[in-house]
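# Inside the fold
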Amino acid sequence: EAGVAQSPRYKIIEKRQSVAFWCNPISGHATLYWYQQILGQGPKLLIQFQNNGVVDDSQLPKDRFSAERLKGVDSTLKIQPAKLEDSAVYLCASSLELSGLHYEQYFGPGTRLTVT
Amino acid sequence: AQRVTQPEKLLSVFKGAPVELKCNYSYSGSPELFWYVQYSRQRLQLLLRHISRESIKGFTADLNKGETSFHLKKPFAQEEDSAMYYCALSGYGQNFVFGPGTRLSVLP
């Protein structure tokens, strides 16, 4: 089966500019996750969707980050305006999830964002 | 709050030696623990989860609730085990928390 797809793979922007990332999960996976991974750290969950509803966005900096998952399939994550500290790899993952149980997450290749 | 610690940033062992990657967690409820691995130029992928009690690629991990630990072990390390290893925690209905990761380097 095809894996989780993400684009672009790399992005360089100046601070205060905006940027958007796209993710297409594995077909049939109800749950989609966006993570931020800063160099030298583990992935940090930004937002979790179950179908097209938000399950958890407690760690999403809502003043500048937004995410949507229209039609419960692919998703976009946007940063506006970007700050230097947003430089990181943004990972998308998907999983089957029912009734609060966590199934195996399948990760995409990530988007490496550099803010200058 | 949920928290995962991995005390070693880098662990180097010789091929054929035993390896143990440490993971400690803090969580007040019944945790679900995972080990994820990222090989060079590959995607992050699940290695094993405590609930399935499997041995994957010779690795095992036992959940010790008394010590709040979930250490990853392998009796004989192979060069292909060199990778970044992340311990992760989730509670029922709670979000995922990853540890900072340990880079395992298996020397020939």
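Data block above holds the structure.
Residues numbered from 1 in each chain as written. Chains lettered and ligands numbered in written order. Predicted model: local features only at pLDDT ≥ 70, side-chain atom pairs only at ≥ 80, totals over all residues. Heavy atoms only, no water.

### Notes on the overall build of chain A
Per the secondary structure count, chain A includes 0 helices and 11 strands. In chain A, the succession of helices and strands from N to C terminus is β-β-β-β-β-β-β-β-β-β-β. Here the C-alpha atoms of chain A give a radius of gyration of 13 Å, agreeing with the 13 Å that 2.2 N^0.38 yields for 116 residues. By its C-alpha atoms, chain A is 40 × 30 × 30 Å across when sized along the principal axes. Partitioning the contacts of chain A with sequence separation of at least 6, the portion at a separation of at least 24 is 54%. (Helix = DSSP H or I, 4+ residues; strand = E, 2+ residues; numbered from the N terminus. Rg over C-alpha atoms; globule rule 2.2 N^0.38 Å. Contact = heavy atoms within 4.5 Å.)

### Details of the interface of chain B and chain A
With 18 residues of chain B at the interface, the matching set in chain A holds 23 residues. Run the count over chain B and chain A and you get 0 salt bridges. Applying the counting rule to chain B against chain A returns 4 residue pairs in polar contact (both at pLDDT 80 or more). Of all the secondary-structure elements, those providing two or more residues to the side of chain B that touches chain A are β5 (31-38), β6 (45-49) and β9 (83-91) of chain B. Of the residues assigned to the side of chain B that touches chain A, the class counts are 9 nonpolar, 6 polar and 3 charged. (Salt bridge = Lys/Arg side-chain N within 4 Å of Asp/Glu carboxyl O. Polar contact = N/O pair within 3.5 Å; in protein donor to acceptor, adjacent residues only side chain to side chain. Nonpolar A, V, L, I, M, F, W, Y, C, P; charged D, E, K, R; others polar.)

### Some thoughts on the sheet that holds strand β7 (residues 65-68) of chain A
Residues and elements named next belong to chain A. Taken in spatial order, the 4 strands line up as β1-β3-β8-β7 in an open sheet, and their pairing is antiparallel. A strand with exactly one partner marks an edge of an open sheet, and here the two such strands are β1 (5-7) and β7. If you compare each strand with its neighbour and ignore which way they point, the axes differ by 15° on average. Pairing geometry for strand β3 (residues 19-24) and strand β8 (residues 75-79), over 5 bridges, is antiparallel. Bridge pairing in β8 places C23 opposite S75. (Pairing = 2+ DSSP bridges. Axes fitted to C-alpha atoms, helices over the stretch in contact; angles between N-to-C directions.)

### Digging into the environment of I26(A)
Tracing the backbone shows I26(A) in the loop between β3 and β4 (31-37). For I26(A) and A2(A), which are 24 residues apart along the polypeptide, the C-alpha to C-alpha distance reads 6.6 Å.

### So, the state of the cysteines
All names here are of chain A. Counted according to the given criterion, the structure contains 2 disulfides over all chains. A sulfur-sulfur distance of 1.9 Å marks the disulfide that ties C23 to C92. An S-S torsion of about -70° defines the bridge between C23 and C92 as left-handed. Here C23 is found in strand β3, whereas its partner C92 is found in strand β9 (residues 88-95), with 69 residues between them in sequence. (Disulfide = S-S within 2.5 Å.)

### With respect to the pairing of β9(A)
All names here are of chain A. For β9, a buried count of 8 out of 8 residues is recorded, marking the element as mostly surrounded by other parts of the structure. Of the two faces of β9, the one lined by A88, Y90, C92 and S94 and the one lined by V89, L91, A93 and S95 are each fully buried. Relative to β9, β4 runs antiparallel, the two sharing 7 bridges. Bridged to Y35 within β9 is L91. Relative to strand β11 (residues 111-115), β9 runs antiparallel, the two being bridged by 3 bridges. (Buried < 20%, exposed > 50% of the residue type's maximum accessible area, 1.4 Å probe, protein only.)

### Considerations on the pattern of salt bridges
Residue and element names in this part refer to chain B. Applying the stated criterion to the full structure yields 6 salt bridges over all chains. Here E20 makes a salt bridge to K22, at a shortest N to O gap of 3.3 Å. With relative accessibility at 30%, the residue K22 sits in the partly exposed group. Between E20 and K73 there is a salt bridge; the shortest N-O distance is 3.7 Å. Here E20 is found in strand β3 (residues 19-21), whereas its partner K73 is found in strand β8 (residues 72-74), with 53 residues between them in sequence. On the accessibility criterion, E20 (29% relative accessible area) is partly exposed. For K73, a relative accessible area of 41% translates into the label partly exposed. A single salt-bridge network, built from bridges that share partners, covers E20, K22 and K73.

### Things to note about unusual backbone geometry
Here S7(A) and P8(A) are connected by a cis peptide whose omega angle stands at -10°. Relative to the helices and strands, P8(A) is located in the loop between β1 and β2 (10-13). Although it is not a glycine, K71(A) adopts a positive phi angle of roughly 65°. Residue classification places K71(A) among the exposed residues on the basis of a relative accessible area of 78%. Its identity is not glycine, yet R41(B) carries a phi of approximately 60°, on the positive side. Structurally, R41(B) can be placed in the loop between β5 and β6. Residue classification places R41(B) among the exposed positions, given a relative accessible area of 84%.

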